[in-house]
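One-letter residues, chain by chain:
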Amino acid sequence: MPMWVLMYVFSYSVDPAATNDRAEWRLRPNVVFQEFSNEERCKAAKSALESSLKDAGARLRSGLEDLKSIGKADPAQLIIAYNVECLPK
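The structure reproduced in this document is the subject of the present report. Since we're looking at a predicted model, the values are computed, not measured.

1. A few points about the nonpolar core
At step 1: Formed by Trp 4, Leu 6, Phe 36, Cys 42, Leu 49, Leu 53, Val 84 and Cys 86, the largest nonpolar core amounts to eight residues.
At step 2: Of all elements in the fold, only β1 (4-14), α1 (39-69) and β3 (78-88) reach the threshold of two or more residues within this core.
At step 3: For this core, the leading source of residues is α1, giving three residues.
At step 4: Sequence-distant contacts of Val 84, defined by excluding residues within four places in its chain, comprise Leu 6, Met 7, Tyr 8, Lys 46, Leu 49, Glu 50 and Leu 53.

The following block contains the structure:
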């Protein structure tokens, strides 16, 4: 029986000008693999995960917009990246 693997990578970076702490400049990418018994289940999980990551990024940027309004942060200083794939095993 063919198996499918859902793989996703999530990372973010902070503009070096935003902080002097080099440890905060970049979070190491998280890579996750999950196996599925068929392509349809993998694609359904991919769709749900992409939606969730997109929503999380929007909420994070919204929070940064709130901080920007009081001069504490700038959403342009944050880069959010993710990639979600369903691949045959």
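2. What about the pattern of salt bridges?
Pairing between side chains of opposite charge can happen when their charged atoms approach one another.
At step 1: For the coordinates displayed, the defined rule picks out four salt bridges.
At step 2: Residue Lys 89 pairs with Glu 35 through a salt bridge whose shortest N-O separation is 2.3 Å. Of this pair, Lys 89 sits in the segment after β3 while Glu 35 sits in strand β2 (residues 30-36), and the two are 54 residues apart along the sequence.
At step 3: Overall, Lys 89 belongs to the exposed group, its relative accessible area being 64%.

3. Thoughts on the state of the cysteines
Covalent bonding between the sulfur atoms of two cysteines is what defines a disulfide.
At step 1: Taken as a whole, this structure holds one disulfide when the rule is applied.
At step 2: Put simply, Cys 42 and Cys 86 are joined by a disulfide, and their sulfur atoms are 2.2 Å apart. Measuring the twist about the S-S bond at about -110°, one finds the Cys 42-Cys 86 disulfide to be left-handed. On the criterion of sequence distance, the pair formed by Cys 42 in helix α1 and Cys 86 in strand β3 is long-range, its members being 44 residues apart. Side by side, Cys 42 and Cys 86 carry an identical accessibility label, which is buried.

Scoring rules and cut-offs
- Residues numbered from 1 in each chain as written.
- Predicted model: local features only at pLDDT ≥ 70, side-chain atom pairs only at ≥ 80, totals over all residues.
- Heavy atoms only, no water.
- Core = buried A, V, L, I, M, F, W, Y, C linked by side-chain atoms within 4.5 Å.
- Buried < 20%, exposed > 50% of the residue type's maximum accessible area, 1.4 Å probe, protein only.
- Helix = DSSP H or I, 4+ residues; strand = E, 2+ residues; numbered from the N terminus.
- Contact = heavy atoms within 4.5 Å.
- Salt bridge = Lys/Arg side-chain N within 4 Å of Asp/Glu carboxyl O.
- Disulfide = S-S within 2.5 Å.

Fair warning: the whole summary comes from geometry, so function is off the table for now.
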